[in-house]
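Summary of the model geometry
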Amino acid sequence: MIKNYFKIALRNFSKHKLFTLINIIGLSIGISAALVIYLIVHFDFTFNQSFTEGDRIYRIVSNYTFSGEATSNRGVTGALPGAMKSVSGVAISAPFFTLNQPNVLIPAKSGVPVKFKLQDNIVLADGHYFELFNYTWKAGSAKTALNAPNQVVLTTDQAKKYFPSLSYNQMLGRTVTYDTLITSVSGIVETLKDNNDFTFHDFISAASANSNLALQNELRPTNWGGTTSASQLFIRLSPHTTVANIEKQLNEILKKNNPPKPQDKGNTRNFSLQPLSDLHFNGTYGIFDTGGDRTANKTTLYGLLMIALFLLLLGCINFVNLTTAQATQRAKEIGIRKTMGSSRVQLIIQFLSETFLITLIAVIASVAIAPVILKLFADFIPQGVKVDILGHPDLILFLFILTIVVSILSGFYPAVLLSGYKPALVLKNQTASNSHKTRNATLRKSLTVLQFVIAQFFIMATVLVGKQIYYALHKDLGFKKDAIIIINSPWKNRTVSRNQVFMNKLKAIPQIEMIAMGKDAPSSSSSNSTEATYKDGKKEIKINLEEKYGDENYINVYKIKLLAGRNLQAADTTKGFLINTTCAKVFGFKNPKDAVGKLINNFNGDTRMEIIGVVADFYHESLHSPIRPLAILTSKGNEHYNNGTFHIALKSQSAGGNEWKKAISAMESAWKEIYPEDDFEYHFFDENIAKFYDAEQHTSTLLTWATGLSVFISCLGLLGLAMYTTNLRTKEIGVRKVLGASVTQIVALLSTELVLLIVLAFVLVTPLAWYAMHKWMESFADRTSISWWIFVLSGAGMLLAALCTLSFQTIKAAIANPIKSLRNE
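Read on for a plain summary of the structure. Not measured: the values here are computed from a predicted model. (Residues numbered from 1 in each chain as written. Predicted model: local features only at pLDDT ≥ 70, side-chain atom pairs only at ≥ 80, totals over all residues. Heavy atoms only, no water.)

Right, let's get into the overall build of the chain. Tallying secondary structure elements over the chain gives 26 helices and 24 strands in all. Taken over 825 residues, the chain has a buried fraction of 48%. Of the accessible surface of the chain, which amounts to about 39,000 Å², a share of 58% is contributed by carbon and sulfur atoms. (Helix = DSSP H or I, 4+ residues; strand = E, 2+ residues; numbered from the N terminus. Buried < 20%, exposed > 50% of the residue type's maximum accessible area, 1.4 Å probe, protein only. Areas by Shrake-Rupley, 256 points an atom, 1.4 Å probe, with all protein chains shown as cover.)

This is the structure we're talking about:
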């Protein structure tokens with residue numbers, strides 16, 4: 001019986017090759033999108049799932065409010081780990097501290113140690129870390145490996161990197177030096193293979209800091225005031241312990257050891273617990289200080305699922321439309337089958353088996369296409385996402401469920417419809433009553449409208465996202481961003497004298513127009529801020545003030561306009577600084593000139609500082625953030641920290657010239673003379689600005705592809721319906737042509753109904769698209785307008801694509817010889 005079903009299905013496919021191909025292509029596109037998006041979503045949602053009792057593991061994070069502005073930090077104060085013994089309800093407390101890219105030295109037989117520069121993912125930890133996070137031990141013991149000072153546990157991947165020719169047991173006792181800290185290997189654990197954010201590979205015993213002054217200064221184990229994101233603390237709650245109870249105890253300890261001061265009025269600080277399951281998705285706190293962290297966005301993942309659902313739905317709609325449109329062509333077959341004794345259930349199974357076979361072919365095609373899609377979108381698909389059916393049984397289950405669901409969605413209604421024909425009527429060429437035909441036509445029209453609602457929504461969203469990205473990249477941000485190179489001097493080997501020698505060498509390069517030294521560029525992802533207070537004689541105005549550091553050339557390199565007062569000068573002390581227009585307005589100055597000479601109190605630890613100038617506002621972050629009060633300070637007094645970045649303005653380059661290439665080559669040569677042990681790296685400032693909108697660029701790319709695919713699927717279905725309509729009305733067209741109808745009139749006759757459906761879809765989708773765009777644009781503090789032409793252009797584009805698709809069939813039908821269509825009458 002089953003064999004017979006599939007034999008009939010293949011015979012039917014052979015008879016209707018084009019319609020079968022359209023159905024397979026439509027379903028393949030939808031299923032391919034669903035498969036790739038499932039792989040991405042499954043990849044992210046399975047992060048950090050391998051740890052025992054992970055539902056009771058939390059990270060303690062810090063939250064602050066300064067002058068009404070909320071901020072946060074994934075780290076804790078250095079003293080909190082030592083106070084955790086007094087917190088009841090905590091089963092395990094595991095603190096660790098991320099080291100700032102130490103150089104690693106491994107002894108070699110030659111006597112010259114092998115050097116691994118600037119290594120990430122190295123932490124100070126104690127044995128509780130391995131109690132909380134379960135690793136498989138290859139050598140050593142979790143109970144003793146990190147108990148003594150100057151011990152280190154390595155992961156298997158890192159151990160093979162350091163000691164490629166040794167077995168794990170032979171590695172025990174070997175020396176590994178981190179900058180100046182000499183350690184001995186005390187254990188080897190297997191590198192975590194599952195999806196997780198815990199990519200640390202060197203675990204140095206926390207006790208090593210006891211006799212190391214430099215590490216003590218970083219850890220600050222008795223400090224309750226400062227917080228660093230490098231110092232993190234994970235805990236596992238005891239059964240039946242509530243999060244609120246732990247948070248209450250933590251904040252009581254904080255209040256006891258660091259009570260609020262009178263000058264802290266309006267400022268708050270507290271600890272809270274972040275679930276392990278939230279770690280991979282919370283961009284507010286981030287993950288670790290390892291340099292390669294990637295947080296996923298649940299909203300984006302759910303958006304991807306919606307795109308997959310829409311594309312899958314479009315393919316299913318095509319199938320339903322084309323199958324119901326072809327119903328009359330199979331009416332006699334159904335009538336004969338029923339006359340011969342087939343039941344309705346048997347017919348439903350027959351038609352569902354045909355749908356299942358088409359879906360199965362589409363699934364197989366999708367599995368073959370998926371690796372190509374992953375490679376195509378490799379720039380923003382997470383590394384590790386791949387089609388591995390044998391290695392992931394859940395993927396087989398997903399494909400099986402997807403095949404069944406798509407088969408039912410696509411085939412159930414057509415199967416019920418076709419199997420419901422009455423044999424007496426169909427054998428008399430009366431397939432159904434007029435009301436039944438009307439219901440079928442209404443369903444097809446409704447599904448066609450839904451198709452074009454989805455397609456036009458994607459078009460409108462794509463145009464608006466592209467418009468906002470163009471606006472962000474071409475808006476005047478208040479500074480020059482082109483032809484500026486940024487070079488950061490190496491943190492570990494940076495000295496004031498070395499920086500000055502490098503500066504002098506750069507000044508000798510003819511292609512360089514101007515150089516400034518300072519810290520961050522005018523617009524950057526990192527920021528510093530402090531509290532500033534101004535007394536105007538009547539009231540005290542306290543604000544949170546963003547800080548930028550630079551020398552006298554800083555605003556000249558970036559062409560930042562000086563509106564009042566004077567620029568920073570080489571002879572200036574740390575008592576004078578520039579402010580932006582927004583800061584002047586917040587302090588109550590209507591004219592920038594009025595702010596010059598005024599004194600600011602409680603600024604950065606100094607009692608009084610003078611405003612020496614006011615600069616025009618510029619965006620110091622992406623357009624997602626508003627312009628806030630900002631100060632530009634001289635970097636004197638802390639040159640090591642605030643004077644480590646070179647801001648280099650290049651002279652204009654001739655068309656097709658290589659002046660900039662020569663300049664960069666000269667910079668690299670100078671770098672190797674001054675910093676021979678460090679790699680030369682540089683960045684163009686405009687490229688850094690563009691990176692602010694990487695997420696939007698990725699969204700735009702995905703929407704463009706989704707738009708193209710949705711329009712393609714919709715037009716495929718439209719073409720199928722047009723072919724069916726023209727075939728059904730072949731004799732009518734012949735009669736009309738004989739009676740004098742022109743080609744234009746015939747084309748209009750065949751196209752009008754479908755065009756009206758597209759117009760109806762446009763009317764329905766416009767308010768929905770406007771609302772969705774408006775909500776998305778709210779994430780930008782400065783945004784482009786949602787112009788009327790976006791909707792008109794999208795609707796016109798969809799209509800043009802539809803007319804082009806229809807024209808293939810309608811013009812062919814209109815110019816056909818009417819004698820051929822009427823010959824058998």
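The subject of this paragraph is the environment of Glu547. Inspection of the secondary structure assignment puts Glu547 in strand β17 (residues 540-549). Of note is the side chain of Glu547, whose polar atom sits 3.4 Å from the side chain of Tyr549. (Polar contact = N/O pair within 3.5 Å; in protein donor to acceptor, adjacent residues only side chain to side chain.)

Take the pairing of strand β3 (residues 90-98) next. When you tally the buried positions in β3, you get eight out of nine residues, the bulk of the element. For β3 and strand β12 (residues 231-237), the ladder comprises seven bridges, and the chain directions are antiparallel. Across the sheet, the residue bridging to Phe96 is Gln232, located in β12. With three bridges joining them, β3 and strand β6 (residues 122-125) adopt antiparallel strand pairing. Across the sheet, residue Phe97 finds its bridge partner in β6, namely Leu124. (Pairing = 2+ DSSP bridges.)

Tracing the backbone shows Arg236 in strand β12. For the pair Arg236 and Ala91, spaced 145 residues apart in the sequence, the C-alpha separation amounts to 5.5 Å. Residues contacting Arg236, with those up to four places away along its chain left out, are Thr52, Glu53, Arg56, Ile57, Val90, Ala91, Ile92, Glu131 and Leu132. In terms of polar contacts, Arg236 uses its side chain to reach the side chain of Glu53, at 3.3 Å. (Contact = heavy atoms within 4.5 Å.)

A surface patch of nonpolar side chains, about 750 Å² in accessible area, is lined by Leu397, Phe400, Ile401, Ile404, Val405, Ile408, Leu409 and Phe412. Position of Phe412 among the secondary structure elements: in helix α12 (residues 393-419). Residue class for Phe412 comes out partly exposed when judged on its relative accessible area of 45%. (Patch = residues over 30% accessible without salt bridge, like charges linked within 9 Å, V, L, I, M, F, W, Y side chains within 5 Å. Salt bridge = Lys/Arg side-chain N within 4 Å of Asp/Glu carboxyl O.)

With that settled, the discussion passes to the packing of helix α23 (residues 730-738) against helix α24 (residues 743-777). Between α23 and α24, the shortest axis-to-axis distance is 10 Å and the interhelical angle comes to 150°. One element, α23, and the other, α24, form an angle in the roughly antiparallel class. Viewed along their axes, α23 and α24 form a crossing whose handedness is right-handed. Contact residues: Glu732, Ile733, Arg736 and Lys737 in α23; Ile746, Leu749 and Leu750 in α24. Class assignment of the residues belonging to the contact of α23 with α24 gives a composition of four nonpolar, no polar and three charged. (Axes fitted to C-alpha atoms, helices over the stretch in contact; angles between N-to-C directions. Parallel < 35°, antiparallel > 145°, perpendicular 65-115°, else oblique. Left-handed = near helix turned anticlockwise from the far one by under 90°. Nonpolar A, V, L, I, M, F, W, Y, C, P; charged D, E, K, R; others polar.)

Below, the discussion takes up the packing of aromatic side chains. Under the criterion given, the structure shown has 40 aromatic pairs. Where Tyr534 meets Phe589, the ring centres are 5.2 Å apart and the plane angle is 55°; that geometry is what we call tilted. With Tyr534 in strand β16 (residues 528-535) and Phe589 in the loop between α17 (581-586) and α18 (592-595), the pair connects residues that are 55 residues apart, well separated along the chain. On the accessibility criterion, Phe589 (9% relative accessible area) is buried. Taken together, the aromatic side chains of Phe51, Phe96, Tyr129, Phe130, Phe133, Tyr135, Trp137, Phe198, Phe200, Phe203 and Phe234 make up a single cluster linked through ring pairs. Over the aromatic face of Phe281 sits the side chain of Lys298, whose NZ or CZ is 5.0 Å from the ring centroid. (Phe/Tyr/Trp six-rings, centres within 6.5 Å; stacked < 30°, edge-to-face > 60°. Lys NZ or Arg CZ within 6 Å of the ring centre and 35° of its normal.)

Tracing the backbone shows Gln151 in strand β8 (residues 151-155). One polar contact links the side chain of Gln151 to the main-chain amide nitrogen of Ala148, over a distance of 3.1 Å. Beyond its immediate chain neighbours, meaning those up to four positions away, Gln151 contacts Thr144, Ala145, Leu146, Thr183, Ser184, Ser186, Phe203, Ile204, Ser205 and Ser208.

In spatial order, the strands read β15-β23-β14-β24; together these four strands make up an open sheet with antiparallel pairing. Each end of this open sheet is capped by a strand with a single partner; those strands are β15 (512-518) and β24 (683-684). Against the sheet, helix α15 (residues 496-507) touches β15 and β23 (645-650), its axis set at about 165° to β15. Lying on the sheet, helix α20 (residues 659-674) is in contact with β14 (484-488), β15, β23 and β24; it crosses β14 at an angle near 15°.

As far as function goes, none of this settles anything; it's purely spatial.
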